[in-house]
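Understanding the architecture of this molecule
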Amino acid sequence: MKVGIVGFAGSGKTTIFNTLTGLRAEVGGYSGKDKANIGIIKVPDARIEALADIFHPKKKTLAEINFVDVAGPEATEERQSSGLDSKLVNNMREVEALVHVIRGFENPALGQACDPSREIANFDSELILTDLISVENRLTRMKKEKANPREKELFEQCKEALEAERPLRDLTFDDEAQQLLSGFRFLSQKPLLLLLNVGEGDISQGAPPAVAQAAAERKLTLITMCGTAEMDIAELAPEEQAEFLQDLGISEAARDRFIRAAYGMLDLISFLTAGEDECRAWTIRRGTKAQKAAGKIHSDLERGFIRAEVVSFPDFMQYKSEAKCKEAGKLRLEGKEYIVQDGDIMHIRFNVS
Ligand SMILES: Nc1nc2c(ncn2[C@@H]2O[C@H](COP(=O)(O)OP(=O)(O)OP(=O)(O)O)[C@@H](O)[C@H]2O)c(=O)[nH]1
Ligand SMILES: [Mg+2]
């Protein structure tokens, strides 16, 4: 799972990136530099420990979230008429989900007072505008080619929504439409989590009502944290962290809070694979079908997918072996259309020719 940390310049993206990954990328004035910061975090999962106690595998592997932090565009009063910078857009297209870091602290160097509600609206507009440009380009090309009428209708529908300032994530598409759109990797269609980055004094306050409302209107989840304080905490030894958090009135380290929020809001679940070689958790979107999920493990497993042998984690923990689960009728054989559930332990049967 690849998540992009995005937002306007100076909102604290790199600070948050450092907090989450434990890395120490350069903070402040990073804008204008070409390189993106890339980091990986492991998603804590007690189920893997429990499975490892049974299988004693050579290897335990937790699900990972890859974070990509890129310099943001300058915040402006008005939205930019030409859409976002193409390098930034490409970086955003490559990720599966976006975390929008919103500046909720004063930063005199930026010459602009903080206005989180405006940042939420402006950033969403940028995503929408960028998509609108792509949709219009596609429609223009379709006029020249002999276009598939279904596709044309679909793009007209997207255009209408975007022109009305509605992000594509608000629309529902059937499988066929989804397939037609997927190659375009539209920005306003990606799951979006809002992260309000507040000053040190405001951590225990929560989000201001206007900001909470701006999020609610868009049906987006908002989490609040203080990047600088959390970055300091992330650098401490684990024993010291708890004490520090308590002093600051924060109930849980940003990383854990963030991972939970990201999993929930980005609609992520984990399925598991277990054996003597490896016990492992894999991240997928809720609603992913078995064949697609198999592709997370290896593309051969998706291509040659035959069936998935599935047992739920609680059932497995009751019987503690595949054979006993089978005897008890808890081991199911599922086809490619099966919707994978959180904690499913899967074994994929496949065939490569
Ligand atoms: N007071 C306060 N300052 C912060 C907080 N988070 C970040 N800053 C400061 O804001 C400045 C910008 O932070 P960065 O993390 O570099 O911001 P960025 O979003 O990565 O900026 P670009 O890479 O330029 O787009 C730095 O001086 C940080 O120390 C915060 O929670 N509170
Ligand atoms: Mg940065």
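Counting from 1, residues in each chain are numbered in the order their sequence is written. By the order in which they are written, chains take letters starting at A while ligands take numbers starting at 1. Note on the predicted model: pLDDT of at least 70 is required for a residue's local features to be given, and 80 or more for side-chain atom pairs to be given and counted; whole-chain, interface and lining totals, by contrast, use all residues. To obtain the side-chain values, all non-hydrogen atoms of the structure were included, while hydrogens and water were left out.

1. Re the overall build of the protein chain
Applicable threshold: The numbering of helices and of strands both runs from the N terminus, where a helix is a DSSP run of H or I of at least 4 residues and a strand a run of E of at least 2. Here the radius of gyration uses the C-alpha set of atoms, whereas the globule reference equals 2.2 Å times the residue count to the power 0.38. Throughout, exposure labels follow a simple rule: accessible area from a 1.4 Å probe, protein chains only, divided by the maximum for the residue type, with under 20% read as buried, over 50% as exposed, and the rest as partly exposed. In what follows, residue pairs with any heavy atoms lying within 4.5 Å of each other are defined as contacts. Note on areas: Shrake-Rupley, 1.4 Å probe, and residue coverage restricted to the protein chains presented here.
A tally of regular secondary structure across the protein chain gives 14 helices and 12 strands. Against the globule reference of 20 Å for 353 residues, the protein chain gives a C-alpha radius of gyration of 22 Å, in line with a compact fold. For the C-alpha atoms alone, the extent of the protein chain along its principal axes is close to 70 × 65 × 35 Å. The buried share of the protein chain, reckoned over its 353 residues, is 47%. Sequence separation of 24 or more characterises 68% of the internal contacts of the protein chain that already satisfy a separation of 6 or more. Total accessible area computed for the protein chain in this model is approximately 17700 Å², and 48% of it derives from carbon and sulfur atoms.

2. Some words on the domain arrangement of the protein chain
The following threshold applies: Segmentation of the chain into domains, including their bounds, is taken from an automatic or database domain assignment. Once two parts are joined, some of their accessible surface, as seen by a 1.4 Å probe, is lost; buried area is that loss totalled over both.
Entries for the protein chain in the domain assignment read domain 1 (2-114 + 190-265) and domain 2 (287-350). Computed over C-alpha atoms, the centres of domain 1 and domain 2 are 33 Å apart. Contacts between the two partners involve six residues from domain 1, matched on the other side by eight residues from domain 2. A combined buried area of about 580 Å² lies between domain 1 and domain 2, and 75% of that area is made up of carbon and sulfur atoms. Three residues, Arg47, Leu51 and Ile54, lead the burial of domain 1 against domain 2; their summed loss comes to 75% of the area buried on that side.

3. With respect to the sheet that holds strand E7 (residues 221-225)
The strands making up a sheet associate through backbone hydrogen bonding, with each pair oriented either parallel or antiparallel. To be explicit about the condition: Two strands pair under a simple rule: DSSP has to find at least two bridges between them. Axis definition: a line fit to C-alpha positions, over the contact stretch in the case of helices; interaxial angles, taken between N-to-C directions, run 0 to 180 degrees.
Spatially, six strands are ordered E2-E4-E1-E5-E6-E7 in an open sheet, and the strand pairing comes out mixed. The strands lining the two open edges of the sheet, one partner per strand, are strand E2 (37-42) and E7. Taking each pair of neighbouring strands and ignoring which way they run, the sheet shows an average axis angle of 25°. Note that E2 and strand E4 (residues 64-69) share six bridges and pair antiparallel. Of the residues in E4, the one forming a bridge with Asn37 is Asp69. Where helix H4 (residues 116-144) meets the sheet, it contacts strand E1 (2-6), strand E5 (97-104) and strand E6 (192-198), and its direction lies at approximately 145° from that of E5.

4. A few points about the environment of Ala177
Following the sequence through the fold, Ala177 ends up in helix H6 (residues 175-182). The exposure class assigned to Ala177 is buried, which follows from its relative accessible area of 1%. Ala177 sits 72 residues away from Gly249 along the chain, and the two C-alpha atoms are 47 Å apart. The contact partners of Ala177, leaving out residues within four places of it in the chain, are Arg150 and Leu154.

5. Digging into the state of the cysteines
The test is simple: Disulfide: a pair of cysteine sulfur atoms within 2.5 Å of each other.
Throughout the structure, instances matching the rule amount to zero disulfides. Just so you know, Cys114 is unpaired, no disulfide at all, and the nearest cysteine sulfur is the one on Cys226, 12 Å from it. A relative accessible area of 22% places Cys114 in the partly exposed class.

6. Brief notes about the nonpolar core
Selection rule: Nine residue types can take part in a nonpolar core, namely buried Ala, Val, Leu, Ile, Met, Phe, Trp, Tyr and Cys, and a core is a set of them joined through side-chain atoms within 4.5 Å.
Val3, Leu51, Ile65, Phe67 and Phe258 are the most contacted members of the largest nonpolar core, which has 39 residues in total. Among the domains, domain 1 (2-114 + 190-265) and domain 2 (287-350) are the pair contributing at least three residues each to this core. Not counting the four nearest positions on each side in its chain, Val3 is found in contact with Ile65, Asn66, Phe67, Val68, Val95, Ala97, Val99 and Leu266. Grouped together as the second largest cluster of nonpolar side chains are 26 residues, Leu84, Leu127, Leu187 and Ala215 included.

7. Considering a negative patch on the surface
Stated precisely, the cut-off is as follows: A patch consists of residues whose relative accessible area exceeds 30% and which take part in no salt bridge; residues with like charges are grouped when within 9 Å of each other, and nonpolar side chains (Val, Leu, Ile, Met, Phe, Trp, Tyr) when within 5 Å. A carboxyl oxygen of Asp or Glu within 4 Å of a side-chain nitrogen of Lys or Arg is what we treat as a salt bridge. Here the positive residues are Lys and Arg and the negative ones are Asp and Glu; neither His nor the chain ends is included. In this description, the location of a charge corresponds to atom NZ of lysine, CZ of arginine, CG of aspartate or CD of glutamate.
Negative charge collects at one region of the surface, where Glu239, Glu240, Glu243 and Asp247 lie side by side. For Glu239, the position within the fold is in helix H9 (residues 238-248). On the basis of relative accessibility, which here comes to 61%, the residue Glu239 falls in the exposed class.

8. Some words on the layout of surface pockets
For clarity, the threshold we go by: The definitions used throughout rest on a 1 Å grid laid over the protein atoms alone, on which a cavity is an enclosed set of points accommodating a 1.4 Å probe that cannot get out and a pocket is an open set flanked by protein within 12 Å on both sides along at least five of seven lines; lining residues are those having an atom within 4 Å of a point. Grid points are joined across faces, edges and corners, and a volume is the space filled by probe spheres set on the points. Charged residues are taken to be Asp, Glu, Lys and Arg, nonpolar residues to be Ala, Val, Leu, Ile, Met, Phe, Trp, Tyr, Cys and Pro, and polar residues to be all remaining types, Gly included.
Counted as a void, the largest pocket has a volume near 1700 Å³. Contributing elements (two or more residues each) for the lining of the largest pocket: H6, strand E9 (278-285) and helix H11 (290-297). Broken down by element, the residue count for the lining of the largest pocket peaks at five residues, all from H6. A breakdown of the residues in the lining of the largest pocket according to their chemical character gives 14 nonpolar, 11 polar and 20 charged. Composition of the lining of the largest pocket by domain shows at least three residues from each of domain 1 (2-114 + 190-265) and domain 2 (287-350).

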